[in-house]
Amino acid sequence: VPEVLSFRINPGVGAGDRVLGGKDAKYGIPFEKAADAYRLAAEMGVKRFGIHMMTGSNVMEEDYFEEAVGKLLEIVAGLPVEIEFMNIGGGFGVAYKPDEKSLDIDRVAEGVARAYEKSSVKPRLMAEPGRYITADAGWLVTKVDVIKDSYKKYVGVDASCNDMPRPSIYGAYHHASVLNGGSDLEKVSVVGHICENNDQFVKDIELPVVSVGDIVILHNCGGHAYSMGHNYNGTLRHAEYLLSGSELKCIRRAETIEDLYGTVEW
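What comes next is a walk through the structure. (Residues numbered from 1 in each chain as written. Predicted model: local features only at pLDDT ≥ 70, side-chain atom pairs only at ≥ 80, totals over all residues. Heavy atoms only, no water.)

Quick word on the overall build of the protein chain
Filter applied, for reference: Working definition: helices are DSSP H or I runs of at least four residues, strands are E runs of at least two. Numbering for both runs from the N terminus. Per-residue accessibility, obtained with a 1.4 Å probe over protein chains only, is compared with the maximum for each type, and a residue is labelled buried under 20%, exposed over 50%, and partly exposed between these values. Whether two residues touch is decided by their heavy atoms; if any such pair falls within 4.5 Å, the residues are in contact. Here the open area of atoms and residues is found with the Shrake-Rupley method and a 1.4 Å probe, where only the protein chains shown may cover a residue. Charged-residue counts in this description rest on Lys and Arg as positive and Asp and Glu as negative, His and the chain ends being excluded. To locate a charge, take NZ of a lysine, CZ of an arginine, CG of an aspartate or CD of a glutamate.
Summing up its helical and strand segments, the protein chain has 6 helices and 15 strands in all. Seen along its three principal axes, the alpha-carbon backbone of the protein chain occupies a region of about 65 × 55 × 40 Å. Of all 266 residues assigned to the protein chain, the portion counted as buried reaches 41%. Long-range contacts, defined as pairs at least 24 residues apart, comprise 71% of the intrachain contacts of the protein chain with a sequence gap of at least 6. As displayed, the protein chain offers around 14,900 Å² of accessible surface, 51% of which is attributable to carbon and sulfur atoms. Here the protein chain carries 28 positive and 39 negative side-chain charges, and the mean point of each set is 4 Å from the other.

Here we look at helix α2 (residues 62–77)
Quick reminder of the rule: Helix span is expected to be 1.5 Å times the residue number reduced by one.
Along its 16 residues, α2 runs 24 Å from first to last C-alpha, staying within 8% of the 22 Å computed at 1.5 Å per residue. Regarding α2, the residues found buried are E62, Y64, F65, E66, A68, V69, L72, L73, I75 and V76.

Some details on the sheet that holds strand β12 (residues 200–208)
Strands belonging to one sheet form pairs held by backbone hydrogen bonds; the direction of such a pair is parallel or antiparallel. To keep things clear, this is the line we draw: Any two strands with at least two DSSP bridges between them are considered paired. An axis is simply a line fitted to the C-alpha atoms; with a helix, the fit covers only the stretch in contact. Between two such axes, the angle follows the N-to-C directions and lies from 0 to 180 degrees.
What the 6 strands build is an open sheet, ordered β10-β13-β8-β9-β11-β12; its pairing is mixed. Because the sheet does not close on itself, it has two edges, and the strands there are β10 (176–178) and β12. Averaged over all neighbouring strand pairs, the angle between strand axes comes to 40°, with direction disregarded.

Brief notes about the packing of aromatic side chains
Stated formally: Working definition: a ring pair exists when centres of Phe, Tyr or Trp rings (six-membered ring for Trp) sit within 6.5 Å. Plane angles under 30 degrees give stacked, over 60 give edge-to-face, the rest tilted. Remark: a charge is flagged as sitting over a ring if the NZ atom of Lys or the CZ atom of Arg is within 6 Å of the ring centre and within 35 degrees of the ring normal.
Tallied over the full model, the rule gives 4 aromatic pairs. Considering the side-chain rings of F65 and F92, the 5.1 Å spacing of their centres and the 15° angle between planes classify their relative orientation as stacked. Here the residue F65 occupies a position in helix α2, and F92 occupies one in the loop between β6 (83–87) and α3 (105–118), the gap between them amounting to 27 residues. On the basis of relative accessibility, which here comes to 6%, the residue F92 falls in the buried class. Ring-pair connections join several aromatic residues into one group, and the members of that group are F7, Y38 and F49. The ring of Y170 has R18 lying over it, and the distance from NZ or CZ to the ring centre is 4.0 Å.

Some remarks on the pattern of salt bridges
Keep this limit in mind: Any carboxyl oxygen of Asp or Glu that lies within 4 Å of a side-chain nitrogen of Lys or Arg is treated as forming a salt bridge with it.
Under the definition given, this model contains 12 salt bridges. Two residues, E240 and R252, come together in a salt bridge whose shortest N-O distance is 2.7 Å. Of this pair, E240 sits in strand β14 (residues 240–244) while R252 sits in strand β15 (residues 247–252); the two residues are 12 residues apart in sequence, bridging distant segments of the chain. Judged by relative accessible area, which is 23%, E240 ranks as partly exposed. When its relative accessible area of 38% is taken as the criterion, R252 is described as partly exposed. One connected set of salt bridges, linked through shared partners, spans E62, D63, K101 and R107.

Remarks on the nonpolar core
Note the cut-off: Only buried residues count toward a nonpolar core, which is a set of Ala, Val, Leu, Ile, Met, Phe, Trp, Tyr and Cys residues joined through side-chain atoms within 4.5 Å.
Of all hydrophobic cores here, the largest spans 32 residues; its most connected members are I9, Y38, I51, V69, I83 and M86. At the level of secondary structure, the elements contributing two or more residues to this core comprise β1 (4–10), α1 (34–43), β4 (48–52), α2, β6 and α3. Of all hydrophobic cores here, the second largest spans 19 residues; its members include V144, A159, A176 and V202.

Details of the side chain of H174
To be explicit about the condition: A 3.5 Å cut-off defines polar contacts: any pair of N or O atoms within that distance qualifies, except that in protein one atom must be a possible hydrogen donor and the other a possible acceptor, and neighbouring residues in sequence count only when both atoms are side-chain atoms.
Positionally, H174 belongs in the loop between α5 (166–170) and β10. A distance of 2.8 Å separates the side chain of H174 from the backbone oxygen of H219, its partner in a polar contact. Within the structure, H174 has its side chain in polar contact with the backbone oxygen of N220 (distance 3.4 Å). Beyond its immediate chain neighbours, meaning those up to four positions away, H174 contacts Y96, M164, R166, P167, F201, V202, L218, H219, N220 and C221.

Description of the environment of V108
You can see V108 is positioned in helix α3. Note on V108: relative accessible area 3%, which makes it buried. Remark: the alpha-carbon pair of V108 and M60, spanning 48 residues in sequence, is separated by 9.9 Å. Those residues in contact with V108 that sit more than four places away from it in its chain are E62, F65, F92 and L103.

Observations concerning α3
Given 3.6 residues per turn, any residue in an α-helix points the same way as the ones three and four places further on. With 14 residues, α3 extends 20 Å between its outermost C-alpha atoms, agreeing within 8% with the 20 Å of an ideal straight helix rising 1.5 Å per residue. Buried-residue contacts for α3 involve α2, β6 and β7 (124–126). If you check the start of α3, you find a side-chain oxygen 3.1 Å away from the backbone N of D106, and it comes from D104.

Observations concerning unusual backbone geometry
Within the chain, N58 stands out as a residue other than glycine whose phi angle is a positive 55°. When you line up the elements, N58 lands in the loop between β5 (56–57) and α2. The class of N58 is buried, set by a relative accessible area of 8%. Although it is not a glycine, N220 sits at a positive phi angle of roughly 55°. Tracing the chain through its elements places N220 in the loop between β13 (215–218) and β14. By relative accessible area, N220 is classed as buried at 11%.

This is the structure:
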């Protein structure tokens, strides 16, 4: 039995492009059962406690965070143990489209502070702003391999959904641009080379007219790219480069066939 234990609680509310709280979410202990969970843990010998929630992904409504934190503080106030720290999770939204408004993090902070001011309990505040910090610090850089005129125009690139799976898994939008693109535009879909129809990075986007060999950039890949990557169809994952000032340094080499079979016991 650990000395310190933090339960993830489903506070019954959720928001964002993927809702992770409420009755349709698989995550967390239902808030109605939270008191019983902490009571049982204390009876088993746990001495110190925290609480956690993660109720939405990429939330762009600043006011929501005050609501969710206020709800979690209400739950904390009704627990039979003292909560030392409260992790409100992440979900701080990032603008993925050029015309989207970025989340006002100062307004978020003001709302969280108001929720604390109204509460009778004030556990140490923690948060997980991973996407907010890293999303726009990374790009997927890929080259055009083939152009196909079909029912629509497809731009096939040498990357695929194993390199950055978000669009293929749940339809996430990642903006694309063409390096040194011209002024003439055409509507295309940028697709990878895996044999699944959901291997499409962005659908029906207007891009400068491209040719085989051109470089296409997928934006906002710093939060969920290599960390979500996979080897479906035996596909090898890409290299990673760090741009530091004017220096471009390889910090992770591309995978090889030998890497792919390195765990096989012959």
